[in-house]
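# Coordinates in review
The residues making up each chain are set out below.
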Amino acid sequence: MAISLPLGIYAAPRRHLANTVLNIASVIQTIPGLALLALMVPLLGGTIGYAPAFMALMLYSILPILRNTIVGLQGVDGGVIEAARGLGLTDRERLWQVELPLALPVIVAGLRTATVWVVGAATLATPVGAPSLGNYIFAGLQTRNWLSVIFGCLFAAGLAVLLDQLIRLMEVA
């Protein structure tokens, strides 16, 4: 969110920039999760563990939040924006008091999507040395311990659903 939200807010009123940043984020998204995780190891100087996993998963989460921020802000009715101008709101006030609150459901939908994607992709972090529920899946596959594989899969899916629902509850609140 620290990258996608500010970038989306900045790019939304600038259509050409919005298309450019969305295209770049889309290219990153097309790289398979395991390949992106593996690519981070040499890019971070051969470090394995938390750092390459964090960087890859952060990059993997940019597109849904960025796209939904841009789409949400561009979807705010022009009449509402004009009314806010007519009331004398500055650009910053209009953004914080009108546009972001109206775009928030769309932005949160992107956050929920990114969260589920990242939990799924995080199970692939095991080969780059980052502990995750993927440890159970990979170890189970190597030893043909299907209970371990099922455990890792079910808990990863459960974690994704739990985090999605927690974000939904925060949105409702």
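Structure first, text after, so check above.
Since this is a predicted model, take the numbers as computed values, not measurements. (Residues numbered from 1 in each chain as written. Predicted model: local features only at pLDDT ≥ 70, side-chain atom pairs only at ≥ 80, totals over all residues. Heavy atoms only, no water.)

### Topic: the packing of helix α6 (residues 91-122) against helix α8 (residues 146-172)
The condition that has to hold: Every axis corresponds to a line fitted to the C-alpha atoms, with the helix fit spanning only the stretch in contact, and the corresponding angles, defined between N-to-C directions, vary from 0 to 180 degrees. Numbering of helices and strands starts at the N terminus; helices are DSSP runs of H or I of at least 4 residues and strands are runs of E of at least 2. Geometric relationships in this document are graded by angle, where less than 35 degrees denotes roughly parallel, more than 145 denotes roughly antiparallel, 65 to 115 denotes roughly perpendicular, and other angles denote oblique. Note on convention: near helix rotated counterclockwise from far helix by under a right angle means a left-handed crossing. Clockwise means right-handed. Here a residue-residue contact requires only that any non-hydrogen atoms of the pair lie within 4.5 Å. Three classes are used: nonpolar for Ala, Val, Leu, Ile, Met, Phe, Trp, Tyr, Cys and Pro, charged for Asp, Glu, Lys and Arg, and polar for all others, with Gly counted as polar.
The geometry of α6 relative to α8 is characterised by a closest axis approach of 9 Å and an angle of 165 degrees between their N-to-C directions. Taken as axis vectors, α6 and α8 run roughly antiparallel relative to one another. Pair α6 / α8 crosses with right-handed handedness. Along the contact surface, α6 presents P105, V108, L111, R112, T115, V116 and V119, while α8 presents A156, L159, A160, L163, D164, Q165, I167, R168 and E171. Considered class by class, the residues forming the contact of α6 with α8 number 10 nonpolar, 2 polar and 4 charged.

### Concerning a nonpolar patch on the surface
The cut-off we apply is this: Patch membership requires more than 30% relative accessible area and the absence of a salt bridge. Residues of like charge join within 9 Å; the nonpolar side chains Val, Leu, Ile, Met, Phe, Trp and Tyr join within 5 Å. Accessible areas in this description were obtained via Shrake-Rupley with a 1.4 Å probe; residue shielding takes into account the shown protein chains only. What counts as a salt bridge is simple: a side-chain nitrogen of Lys or Arg found within 4 Å of a carboxyl oxygen of Asp or Glu. When accessible area is computed with a 1.4 Å probe and restricted to protein chains, residues below 20% of their type maximum are described as buried, those above 50% as exposed, and intermediate ones as partly exposed.
A contiguous nonpolar patch, built from Y136, L141, W146, I150, F151, L154 and F155 and spanning about 720 Å² of accessible area, is present on the exposed surface. The set of elements that each furnish at least two residues to the nonpolar patch consists of α7 (134-143) and α8. If you tally residues by element for the nonpolar patch, the top one is α8, at 5 residues. By relative accessible area, which is 46% here, L141 ends up partly exposed.

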